[in-house]
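# Chain and residue survey
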Amino acid sequence: MLQLHRSTLIASGLALLACVLLYSTLGVAKAFHMWKWTDIVSEGGTAVMAGSWVLFTLSSRPGGLVTRLLAGGLALIMIGSFADCMDEFFAISKTARWDHWLEAMVPVGMLVVTIGMYYWRHEQFRLNEHLQKRERLFRDHRAFDRITQLANADYLRRQIRHEQARRPGQQCALVLLDIDGFHVINREFGQSEGDRVLQAVGHMLLLNLRNDDLLCRYAGDRFALLLPDTSVAEADALASHLSAMVGQMRHHAKSGRVHITLRHASSSADAAPEVLLTELSRVISQPAQPAADPRIAAATA
Amino acid sequence: MIGYRQSGDSFIPARHQPALVLDYARSRELDEQDELVLRGTGLSGWQMPAADSTLTPAQYLQLLANVTRALDSPDTSFMLGQQMLPGHYGALSHALLQAQNLRQALQILSAGQARLCPLLTPRLREEGGMAVLYWSDSFGAPSQLPALVEMHMTAVTAMCRWLGGERLPWRYCMNRGAPAHIEQHQVHLGSDLRFNCHLDAMLINPAWLDRPWPRGNGMAASVAMHSVADEAGAEALEPSLLTALYDYLLAHIRLGPTLEGIAADFGISPATLKRHLARHGSHFQAELDQVRAHVAIQLFQMRGYDNEAVAQYLGFHDATNFRRSFKRWTGLTPSLLRDGLLSIPQLI
């Protein structure tokens, strides 16, 4: 991420350097015994801290208005407090005004950061909307799978428990979806193609869900759906619809089209998550009828 | 004299399994991090290793440990296993690809163990209406054993599923408690999972051993097996010290094997054998106890022996003595373990 913001970083570095030059040419160096260590530590510390916030912000965010405001404001705070700190090393004549302007950058920077925070809040609302089907109510960045950006099985188990505790007695359905012959795709087209298939299927499923539903990557090629306020029959119908949508999808590998089909198993989410998921896993991994598995048939032909 | 390898001997071709691990790490963008992942592995960079470069088992284990730690994801061992077999390991991989059925594939795997799966040793036993493929540590890496077992079981499962054209009804027994990431076991292995088993084993109904595989060619597989020794030299298939010792103990278990006798058969002094075992984090009594525990479990499970019969088989004076020793080996009394085994439903 930092490469993206190289010019911003160079500009801040140059501004700090200019500060040093300005003070050392226009000011008179103070004798060592006149240095006020508490001021140096507090003002210098603020500058260092604000500098590290600039780095954190830039290294974790893509470019754009919010990033510019946050990083710019923090950079102003950094330069302002750095100038304040240089004051302790160099005496500036009382008639000069420029050093006051430099120090005034701290409150200006705070204003800019505040505006940035305001827009950040807006941005966050938009992102929440976008992530709703992936995370529902909680955010835990460790629970997300790197390939599909979906939550993992651990998160799913917590959400099932949460749903049961929040609305006991309400119907709620759990569905597992498996890609037919996924291992053959991996063997024939390579693991990176397999990863792309997982991403494509994940996107397709997300597009066809309601806002309250939760989609997780259970493990490997197995996806899980938690559907609040849904009966098993409705869940089955939805899963069939999803399978049909994925079946219609055209996924292209380098060496031609990959046909992807899904199979599914659903149940009511009314028991301990471990028990439910074990039972559904057992059902879904029953050997499929050979005819229903064109990939395997194709592979052995 | 019995030849063997140690964890410091450099013999694993870097282009075999280590290259697969590198490839997987690259696909997960670990190469963009830094060279820390390669520390202690004997590899100098992320590019394909030189054709003649080799790693020691200790270095290969270090590579696996580094990659697993850097990725910090419960699916790493399983994903590595998916790619591992039949692999691209020369004539042995070719033989596996041509295997005419499960039995021949597992025979090839056992015979080519030093190249196909150098870190864990697979052993096939068939008796009493079940076939058992169980795994033992080849180079003494107890802390990595859970990940290694997941990786190797996934490798065999995935290979058989691909070559056999269908998912085989394996039952998986794990020598540890149920893990937090049980979903990975369910998806990559299967749903018939048992934990706290005192043995890392895959069980299957022996009827599956001889069911023909769609693209198998038994003749071609045998021919490929014959060219293995020409390809890499007979010493390429030499077992590890722990594997050779296990095999020896298993063959002599009823004869009261001693450290001195074994050292003589291995052509080294007892002190050297002790030192070599210590280098693998083990000692003679531990290895002997492990083999006796495995034999006892097999006798319970496959032949339905009772305590008296097993005690007599293993040369104990009486059942009480045996019960006490068995408790020390496994932490369970024989009757508890036997009840556990008998309560398990029949294999399909």
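Owing to the predicted nature of the structure, the values given are computational and were not obtained by experimental measurement.

## Comments concerning the sheet that holds strand β3 (residues 120-127) of chain B
Residue and element names in this part refer to chain B. Strand order across the open sheet formed by five strands is β3-β4-β7-β5-β6, with mixed pairing between neighbours. Two strands bound the open sheet, and with one partner strand each, they are β3 and β6 (193-194). Pairing of strand β4 (residues 130-137) with strand β7 (residues 201-204), which is carried by four bridges, proceeds in the antiparallel orientation. Bridge pairing in β7 links alanine 131 to isoleucine 204.

## Concerning the domain arrangement of chain A
Residues and elements named next belong to chain A. Domain parsing of chain A yields domain 1 (2-135) and domain 2 (141-300). Using C-alpha coordinates to define each centre, domain 1 is positioned 47 Å away from domain 2. Across the contact, four residues belong to domain 1 and nine residues belong to domain 2. By residue class, the composition of the side of domain 1 that touches domain 2 is no nonpolar, one polar and three charged.

## Examining the sheet that holds strand β5 (residues 222-228) of chain A
All names here are of chain A. Spatial strand order, β4-β5-β3-β8: four strands in an open sheet with antiparallel pairing. Single-partner strands in this sheet number two, and they are β4 (214-219) and β8 (262-268). Between one strand and the next, the sheet's axes are offset by a mean angle of 25°, whatever the strand orientation. In this sheet, β5 lies alongside strand β3 (residues 172-179) in antiparallel orientation, the contact comprising seven bridges. Of the residues in β5, the one forming a bridge with cysteine 172 is proline 228. Relative to β4, helix α6 (residues 153-166) is tilted by about 135°, and along the sheet it contacts β3, β4 and β5.

## Overview of the packing of helix α10 (residues 241-251) of chain B against helix α13 (residues 284-303) of chain B
Residues and elements named next belong to chain B. Two elements in contact, α10 and α13, have axes whose closest approach is 10 Å; the angle formed by their N-to-C orientations is 55°. Relative to α13, the element α10 is oriented oblique. Seen along the crossing, α10 lies across α13 with a hand that is right-handed. When α10 is examined against α13, the residues Leu245, Tyr246, Leu249 and Leu250 are found in contact with a partner set consisting of Glu287, Leu288 and Val291. Classifying every residue of the contact of α10 with α13 gives six nonpolar, no polar and one charged.

About the criteria used
- Residues numbered from 1 in each chain as written.
- Chains lettered and ligands numbered in written order.
- Predicted model: local features only at pLDDT ≥ 70, side-chain atom pairs only at ≥ 80, totals over all residues.
- Pairing = 2+ DSSP bridges.
- Helix = DSSP H or I, 4+ residues; strand = E, 2+ residues; numbered from the N terminus.
- Domains from an automatic or database assignment.
- Contact = placed C-beta atoms within 7 Å.
- Nonpolar A, V, L, I, M, F, W, Y, C, P; charged D, E, K, R; others polar.
- Axes fitted to C-alpha atoms, helices over the stretch in contact; angles between N-to-C directions.
- Parallel < 35°, antiparallel > 145°, perpendicular 65-115°, else oblique.
- Left-handed = near helix turned anticlockwise from the far one by under 90°.

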